[in-house]
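# Structural description and commentary
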Amino acid sequence: MATLIGAVLAGSSSQAQTINAAAKYQQECAACHMAYPPGMLPAASWTRILDHMDKHFGTDASLDDATLRELSTWLPANGGTFRRVREAPPQDRITQSTWFIRQHDEVSSATWKRASIGSAANCAACHAGAAKGNFNEHDVRIPK
Amino acid sequence: MNAHPYFKLTATIALALFTAMACAASPAELQAGYEAQAGPGSKGNAHRGQLFFTSKHGKDWACANCHTASPTVDGKHATTGKVIGPLAPAFNPERFTDATKAEKWFRRNCNDVAGRECTAGEKADVLAWLQTLKR
């Protein structure tokens, strides 16, 4: 019985940690850009990114120690779960991944630069459901 | 009808703990805190604050690049394009109500803009200016 209670407690506490980490990820990362699905980068990329948050793709996005510890466990643990994600892309950029480039090969460089899009990092410009994890190509609408 | 002293003490401690945990504050309180840090007699100056906010400090960006030169309206993140809500508290009541959050963003953004942390005096100046922007 004690074991059972212990297991239930352990289970609920690790579930609570996961929810907390996911909320932190939203709070800290989605302040500046979409909270990209953790599965889109392999664990090694997430670890490298988190190791250099003070120089994060050109800006200081440094985190407090507690948040950094939490995300350094949660992001790599949930990394690399997307179908084609295996190797770390150049510069640990999702948009430099082989699978990303192939999926978007019909999008011209002029299209990417439209004011309504800005850059390939702006998923939601064309994938309206991106923040909820919907990247279904049937729902894609490329803005003018 | 007086509350039992024990109850009063507990309530006081609970309130103090809550305040400390949530770091709840007003923009004026945060400014006063920075003025105290900056030293005796230090007072936030709105004119200096505006100048700091709209000038470059040896790097590519000024605060105004993302927050606009008159941060009563939405700004836009310089690299990601994400919309940034107005920074002036009169136009965005949640601004500068959380000391930890304010410190986090000063730390990050001063480093991007000036390549260093801002001084307490500079923070007090910027806060003084932002509070002069009214509807």
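Just so we're clear, the structure is a prediction, and the values are computed from it rather than from any experiment.

## Let's talk about helix H5 (residues 99–114) of chain B
All names here are of chain B. Along its 16 residues, H5 runs 21 Å from first to last C-alpha, staying within 8% of the 22 Å computed at 1.5 Å per residue. The complete set of buried residues in H5 reads Ala102, Lys104, Phe106, Arg108, Cys110, Asp112, Val113 and Ala114. Near the N-terminus of H5, the side chain that reaches the backbone nitrogen of Thr100, with its oxygen 3.0 Å away, is that of Asp98. Just past H5, the residue Gly115 takes up positive phi, approximately 70°.

## Concerning the nonpolar core
Core analysis: the biggest nonpolar cluster contains 29 residues, and Tyr25, Leu71, Leu75 and Ile94 of chain A have the highest contact counts within it. Broken down by secondary-structure element, the contributors of at least two residues to this core are helix H1 (2–29), helix H2 (43–51), helix H3 (65–77) and helix H4 (98–103) of chain A. In contact with Leu75 of chain A, not counting residues within four places along its chain, are Tyr25, Pro38, Trp46 and Leu50 of chain A. Ranked by size, the runner-up nonpolar core spans 20 residues in total, among them Phe52, Leu87, Phe96 and Leu127 of chain B.

## A word on the interface of chain A and chain B
Tallying the contact residues gives 12 residues for chain A and 10 residues for chain B. For the chain A and chain B pair, buried surface summed over both sides reaches about 1,100 Å², with 44% attributable to carbon and sulfur atoms. If you sort the residues of chain A by the area they bury against chain B, Cys32, Thr59 and Asp60 of chain A come out on top, with a joint share of 47%. At the surface where chain A touches chain B, the tally comes to two salt bridges. Taken together, chain A and chain B are joined by eight residue pairs in polar contact (both at pLDDT 80 or more). A per-class count over the side of chain A that touches chain B returns five nonpolar, four polar and three charged.

## Observations regarding the packing of H2 of chain A against H3 of chain A
Residue and element names in this part refer to chain A. Two numbers describe how H2 lies on H3: the axes approach to 8 Å, and their chain directions differ by 165°. Of the possible angle classes, the one that applies to H2 and H3 is roughly antiparallel. Classified by chirality, the crossing of H3 by H2 is right-handed. On H3, the residues touching Ala43, Trp46, Thr47 and Leu50 of H2 are Leu68, Leu71, Ser72, Leu75 and Pro76. Considering only residue class, the contact of H2 with H3 consists of seven nonpolar, two polar and no charged.

## A word on the packing of aromatic side chains
What describes a pair of aromatic rings is the distance from one ring centre to the other and the angle between the planes of the rings. Per the stated rule, a full pass over the model turns up seven aromatic pairs over all chains. Ring centres 6.3 Å apart and planes at 90° place the aromatic pair Tyr25 of chain A and Trp46 of chain A in the edge-to-face group. In this pair, Tyr25 of chain A sits in helix H1 while Trp46 of chain A sits in helix H2, placing the two residues 21 residues apart along the sequence. Both rings, one in Trp99 of chain A and one in Phe100 of chain A, keep their centres 5.9 Å apart while their planes meet at 70°; by these two values the pair is edge-to-face. One aromatic cluster in this structure is built from Tyr25, Trp46 and Trp74 of chain A. Just above the ring of Trp105 of chain B sits the side chain of Arg108 of chain B; from NZ or CZ to the centre is 4.5 Å.

Rules used in this analysis
- Residues numbered from 1 in each chain as written.
- Chains lettered and ligands numbered in written order.
- Predicted model: local features only at pLDDT ≥ 70, side-chain atom pairs only at ≥ 80, totals over all residues.
- Heavy atoms only, no water.
- Helix = DSSP H or I, 4+ residues; strand = E, 2+ residues; numbered from the N terminus.
- Expected span 1.5 Å × (residues − 1).
- Buried < 20%, exposed > 50% of the residue type's maximum accessible area, 1.4 Å probe, protein only.
- Polar contact = N/O pair within 3.5 Å; in protein donor to acceptor, adjacent residues only side chain to side chain.
- Core = buried A, V, L, I, M, F, W, Y, C linked by side-chain atoms within 4.5 Å.
- Contact = heavy atoms within 4.5 Å.
- Buried area = accessible area lost by both parts, 1.4 Å probe.
- Salt bridge = Lys/Arg side-chain N within 4 Å of Asp/Glu carboxyl O.
- Nonpolar A, V, L, I, M, F, W, Y, C, P; charged D, E, K, R; others polar.
- Axes fitted to C-alpha atoms, helices over the stretch in contact; angles between N-to-C directions.
- Parallel < 35°, antiparallel > 145°, perpendicular 65-115°, else oblique.
- Left-handed = near helix turned anticlockwise from the far one by under 90°.
- Phe/Tyr/Trp six-rings, centres within 6.5 Å; stacked < 30°, edge-to-face > 60°.
- Lys NZ or Arg CZ within 6 Å of the ring centre and 35° of its normal.

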